[in-house]
Amino acid sequence: MVQKQKLYITGGRPLKGAVRVSGAKNAALAIMSAALLASEPVHLENCPNITDVKVLRDIIANLGVKVNCKNKNEIELLTPEVVKTTTPYKEVKKLRASNLLLGPLLARFGKAEIALPGGCNIGTRPMDLHIKGLQALGAKITLEHGFIKGTCGCLKGSKVYLDFPSVGATENIMMAAALAKGQTILGNVAKEPEIVDLANFLNGLGAKIRGAGTDVIKVEGVKQLGGGRYSVIPDRIEAGTFMVAAAATMGDLLIEHVISTHVEPLIAKLREANVEVVEEDDNIRVTARDTLKPIDIKTLPYPGFPTDMQSQIMAMLTAVKGTSVIVENVFENRLQVADEFKRMGAKIKVEGRTAIIQGVKKLQGAQVKASDLRAGAALIIAGLIAEGDTEICNAHYIDRGYENIESKLTSVGANIRSC
Ligand code: EPZ
């Protein structure tokens, strides 16, 4: 797979027209992991054609899962009764979300060895809540030589209360509980739409999961899960990225195939910034006619403002007259992109988890580098509004979570090309 290294953008053009959102990365990755629980074929539709999905596909194929790509957005998975249960560090390093294999491998095969993902650019990314929850279901888990090593007989339902509504921990424990004996009650869980999508997928295979999307999830364990066909929800973060790009460029953009309740926190903030947002069936129209207003953002677990949209909204606010304040409450190190914006002339003061942004008249195009997926997307937005040319290095990060972002942006007027 040829990885794009650089993106070039010539700024100054408003985004106008219509763009269609792909399937949700963070739902597809969890659902592909959950497919290992199924004893019959699982057919997934609307999977985004992105690097992270391809990497996870290869990881589960290496375990022995039969993977059949029907086309670029449809995958069929069949997990035999015996598979390998070890995921090496070189694979986990490429994709933290492979830690979601822990629950399914333990629940179905009684064994799992997953390399600890280690930290990444946005934070230490610990696994303590995953481990505590799986141990509550009866798994024996040790940390040895950089691996999480788990064994168990038949898992038993239990009461688990998460210290923090971790998305991954909620998913791992819910997947394991689906095949545990008896009832599991999960408290203080994550309520992201991707959790609901995972629960709906599992219930379609015969699981008995209730309460996904609320603070408490109840799971009645079943003996085994059958097969089924499932279509992944639209990606609310890709949709949000296009919404912010439209607002930042003073454009008029129709974002197609999006569930507007999933982007409600962003809609509220864009309206506060004097952007017109119209929800039409499964489309959202974003139009920036008048001067944007400065706003304050605090990232929080869903339904709060998503941390995955923080860098992108910061890009927009760098050129909004006045003072905007962003507080990043979810990850301890996710304001780094401010340093790249400052290379483009932005005026941002970062103190701990707070970024204070003094809007400037115009950003200037410059050479910048992406440190992670969402910082990369944010640098595209900055390039779209900057005067002159911007060159984004490490652009491969962007392909991890955005399907064909250049052609989508080009189709609505952006001057963007890769090399
Ligand atoms: C998921 O990561 C998403 N990834 C992230 O999206 C997203 O930013 C994050 O949820 C928050 O919404 C996928 O779904 C594949 P968490 P996850 O566990 O599950 C702490 C993107 O750009 N924590 O909710 O790893 C952790 O340190 C990516 O698409 C523990 O302390 O996030 C962090 O501060 C980036 N102990 C907070 O919880 C644990 O055992 C949120 O982490 C687990 C997490």
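Procedures and definitions
Residues take numbers from 1 onward in each chain, read along the sequence in its written order. Restriction of local features to residues with pLDDT of at least 70 applies here, the model being predicted, together with a cutoff of 80 or more for giving and counting side-chain atom pairs; totals for whole chains, interfaces and linings are based on all residues. In computing side-chain values, all of the structure's heavy atoms are included and hydrogens and water are not. Summary of the distance rule: residues count as near a molecule or strand when at least one heavy atom falls within 4 Å of that molecule or strand. A 3.5 Å cut-off defines polar contacts: any pair of N or O atoms within that distance qualifies, except that in protein one atom must be a possible hydrogen donor and the other a possible acceptor, and neighbouring residues in sequence count only when both atoms are side-chain atoms. Note on areas: Shrake-Rupley, 1.4 Å probe, and residue coverage restricted to the protein chains presented here. The way it works is that DSSP assigns letters per residue, a run of H or I at least four long becomes a helix, a run of E at least two long becomes a strand, and they are numbered from the N terminus. Lys, Arg, Asp and Glu make up the charged group, whereas Ala, Val, Leu, Ile, Met, Phe, Trp, Tyr, Cys and Pro make up the nonpolar group; the residues left over, Gly among them, are polar. When DSSP finds two or more bridges between a pair of strands, those strands are recorded as paired. To obtain each axis, a line is fitted to C-alpha atoms, and for helices this fit is confined to the stretch in contact; angles are then taken between N-to-C directions over 0 to 180 degrees. Residues are treated as being in contact if the distance between any of their heavy atoms lies within 4.5 Å. Points on a 1 Å grid, built from protein atoms alone, make a cavity when a 1.4 Å probe fits but cannot get out and make a pocket when they are open with protein on both sides within 12 Å along at least 5 of 7 lines; residues with an atom within 4 Å of a point are the lining residues. Grid points are joined across faces, edges and corners, and a volume is the space filled by probe spheres set on the points. Each domain's extent was defined by an automatic or database domain assignment. When two components associate, each loses some accessible surface as probed by a 1.4 Å sphere; the sum of these losses over both components is called the buried area. Whether a residue is buried, partly exposed or exposed follows from its accessible area with a 1.4 Å probe, protein chains only, as a fraction of its type maximum: under 20%, in between, or over 50%, in that order.

Considerations on the site of the ligand
Around the ligand, the structure places 22 residues, and the nearest of them are Asp128, Leu129, Ser166, Asp308 and Val330. Measuring from an oxygen atom of the ligand, one finds a backbone N or O atom of Val167 at 2.8 Å. With respect to the ligand, the side chain of Arg334 contributes an N or O atom lying 3.5 Å from an oxygen atom. Summarising the interface, the protein chains cover 87% of the accessible area of the ligand, which totals 820 Å² for the free molecule. Elements with a contribution of two residues or more to the shell around the ligand: helix 1 (25-34), helix 5 (128-136), helix 6 (167-178) and helix 12 (373-385). The element that contributes the greatest number of residues to the shell around the ligand is helix 5, accounting for three residues. Residue classes in the shell around the ligand are distributed as ten nonpolar, five polar and seven charged.

Here's the deal with the sheet that holds strand 8 (residues 140-144)
Overall, mixed pairing links the four strands, which are arranged 6-7-9-8 in an open sheet. The open sheet has two edge strands with one neighbour each: strand 6 (86-87) and strand 8. Here strand 8 pairs with strand 9 (residues 147-151) via five bridges, running antiparallel. For Thr142, the partnering residue across the bridge sits in strand 9 and is Lys149.

A short note on the sheet that holds strand 2 (residues 16-20)
Taken together, four strands build an open sheet; the order of strands is 2-15-17-16 and the sheet is mixed. Each edge of the open sheet carries a strand with a single partner, namely strand 2 and strand 16 (276-280). Within the sheet, the average angular offset between the axes of one strand and its neighbour, ignoring direction, is 15 degrees. Both strand 16 and strand 17 (residues 283-287) contribute to a ladder of five bridges, which runs antiparallel. Counted as the bridge partner of Val278 is Arg285 from strand 17. In the packing of helix 8 (residues 236-248) onto the sheet, contacts are made with strand 2, strand 15 (252-256) and strand 17, and the angle to strand 15 comes to roughly 170 degrees. Strand contacts of helix 9 (residues 264-272): strand 16 and strand 17, with the helix running at about 145 degrees to strand 16, the strand carrying the most contacts.

Focus: the layout of surface pockets
In this model, the second largest pocket occupies a volume close to 390 Å³. Forming the boundary of the second largest pocket are 18 residues, of which Ala248, Met250, Ala319, Lys361 and Lys362 lie nearest the centre. Tallied by class, residues from the lining of the second largest pocket come to ten nonpolar, four polar and four charged.

Here we look at the domain arrangement of the protein chain
When cut into domains, the protein chain gives domain 1 (6-22 + 234-418) and domain 2 (25-231). In this structure, domain 1 and domain 2 have C-alpha centres spaced 30 Å apart. At the interface, 25 residues of domain 1 touch 23 residues of domain 2. Of the roughly 1900 Å² buried where domain 1 meets domain 2, counting both sides, 49% is carbon and sulfur surface. Summed over the three residues of domain 1 that lose the most area to domain 2, namely Tyr302, Arg400 and Glu403, the buried surface amounts to 32% of that side.

Digging into helix 9
Helical geometry: 3.6 residues make up each α-helical turn, so side chains three or four residues apart lie on a common side. The complete set of buried residues in helix 9 reads Pro265, Leu266, Ile267, Lys269 and Leu270. Against helix 8, strand 16, strand 17, strand 18 (296-299) and helix 10 (310-317) lie the buried residues of helix 9. A positive backbone phi angle near 75 degrees is found at Asn274, which sits one or two residues after helix 9.

Focus: the side chain of Gln310
By the secondary structure assignment, Gln310 is in helix 10. By relative accessible area, Gln310 is classed as buried at 0%. Setting aside its immediate chain neighbours within four residues, Gln310 contacts Thr299, Phe305, Ile326, Glu328, Arg334 and Leu335.

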